[in-house]
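Descriptive analysis of the structure
As a plain string of letters, each chain reads:
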Amino acid sequence: MNRVEVLQQLGLEPRETQIYGCLLKLGPASIRDIAQAANLNRGTTYELLKLMQEKGVVTLFPKGRRRFFAAEPPQRLMVLAEERQEKLQTAVGFLGREIIPELTQLRPELGAADVRYYDGYDGIERVLKDILATVGAQKDKSYSVISSRAVRKYLYQPFPSYTKQRIKAGIQVRVIAVGEGGDPAELSERKWLKTDKPTSAYVAIYPPKVALFALQQGDLPSAVVIESPAVADTQQLVFDALWQLL
């Protein structure tokens, strides 16, 4: 990550990072001088400086009718990062203990299946992250996959660290590979289903959900996620029966 990306994680937008860097070079400076150094208009500069003052990275020094601003020492950024981390850890605790259970009660019980469509690499990445999050939150950290070679090589392009994160989370997977191919990995068990018929689909069964991946024109993957305990349980039953036969 570069400086702009890191400081964005602390709540500073790119123009604020630009102003902060200019102030470190200038020392205490007027709004006009800061705007000129940052190549911004004075109105925008003043509004950004007020926000930066609230965030604790610049200090105001009034001199008569003029306003001078100075950058806080760079070490102040570490303090901000630690404060942000502490708040985030507190938020994560509340999410797990109170917020998520409360919000879950607001959601009606699924009658018919909840079906969602995801397109393109951003959508595929969301589905892959959902698999890790859903399975990782369960006592039995395992799921099942029916994988075809045609889709497999495109599926993980938007999320190349997927397998590493799955292993790190202690999630096991059973894979039925349709046709040849498929590399072995830690915490995975693989069987092969031989066929001469070309296939271009990939199915992930992670109750209460099933994700169906396929290729569109131009080899762009898309996915449909079905959230239904009945559908997921039926797919799991079929998978288990086929697994025993192979």
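- With an unreviewed UniProt entry as reference, the protein is termed TrmB family transcriptional regulator, source organism Saccharospirillum mangrovi.

As for the environment of Thr-195
- Of note, Thr-195 is situated in the loop between strand S7 (188-193) and strand S8 (201-206).
- Along the chain, Thr-195 and Val-178 lie 17 residues apart, while their C-alpha atoms are 7.0 Å from each other.
- Excluding anything up to four places from it in sequence, Thr-195 contacts Val-178 and Gly-179.

Quick word on the UniProt feature "domain: Transcription regulator TrmB N-terminal" (unreviewed entry) in the protein
- Annotation from UniProt places "domain: Transcription regulator TrmB N-terminal" (unreviewed entry) at residues 7-73.
- Taken end to end, residues 7-73 is 57% helix and 21% strand, and its first and last C-alpha atoms sit 14 Å apart.

What about helix H6 (residues 120-136)?
- In a regular helix each residue adds 1.5 Å, so 17 residues correspond to 24 Å; H6 covers 24 Å between its end C-alpha atoms and thus fits that length.
- Among the residues of H6, Gly-120, Gly-123, Ile-124, Val-127, Leu-128, Ile-131, Leu-132, Thr-134 and Val-135 are the ones counted as buried.

Structural notes on the packing of helix H2 (residues 14-26) against helix H4 (residues 42-55)
- The contact between H2 and H4 brings their axes to 10 Å, and the two run at 85°. Between H2 and H4, the crossing angle belongs to the class labelled roughly perpendicular. Contacts between H2 and H4 involve Arg-15, Glu-16, Ile-19, Tyr-20 and Leu-23 from the first element and Thr-44, Thr-45, Leu-48, Leu-49, Leu-51, Met-52 and Lys-55 from the second.
- Here the residues of the contact of H2 with H4 are counted per class, giving seven nonpolar, two polar and three charged.

Quick notes on the pairing of strand S2 (residues 58-63)
- Taken together, the six bridges between S2 and strand S3 (residues 66-71) define a ladder with antiparallel strand orientation. Residue pairing in the sheet places Phe-61 in a bridge with Phe-68 of S3.
- Between S2 and the antiparallel strand that follows it, S3, lie two residues; Gly-64 among them carries a positive phi value of about 65°.

Reading the values: the criteria
- Residues numbered from 1 in each chain as written.
- Predicted model: local features only at pLDDT ≥ 70, side-chain atom pairs only at ≥ 80, totals over all residues.
- Heavy atoms only, no water.
- Helix = DSSP H or I, 4+ residues; strand = E, 2+ residues; numbered from the N terminus.
- Contact = heavy atoms within 4.5 Å.
- UniProt positions renumbered as here; feature names shortened; annotations may be inferred.
- Expected span 1.5 Å × (residues − 1).
- Buried < 20%, exposed > 50% of the residue type's maximum accessible area, 1.4 Å probe, protein only.
- Axes fitted to C-alpha atoms, helices over the stretch in contact; angles between N-to-C directions.
- Parallel < 35°, antiparallel > 145°, perpendicular 65-115°, else oblique.
- Nonpolar A, V, L, I, M, F, W, Y, C, P; charged D, E, K, R; others polar.
- Pairing = 2+ DSSP bridges.

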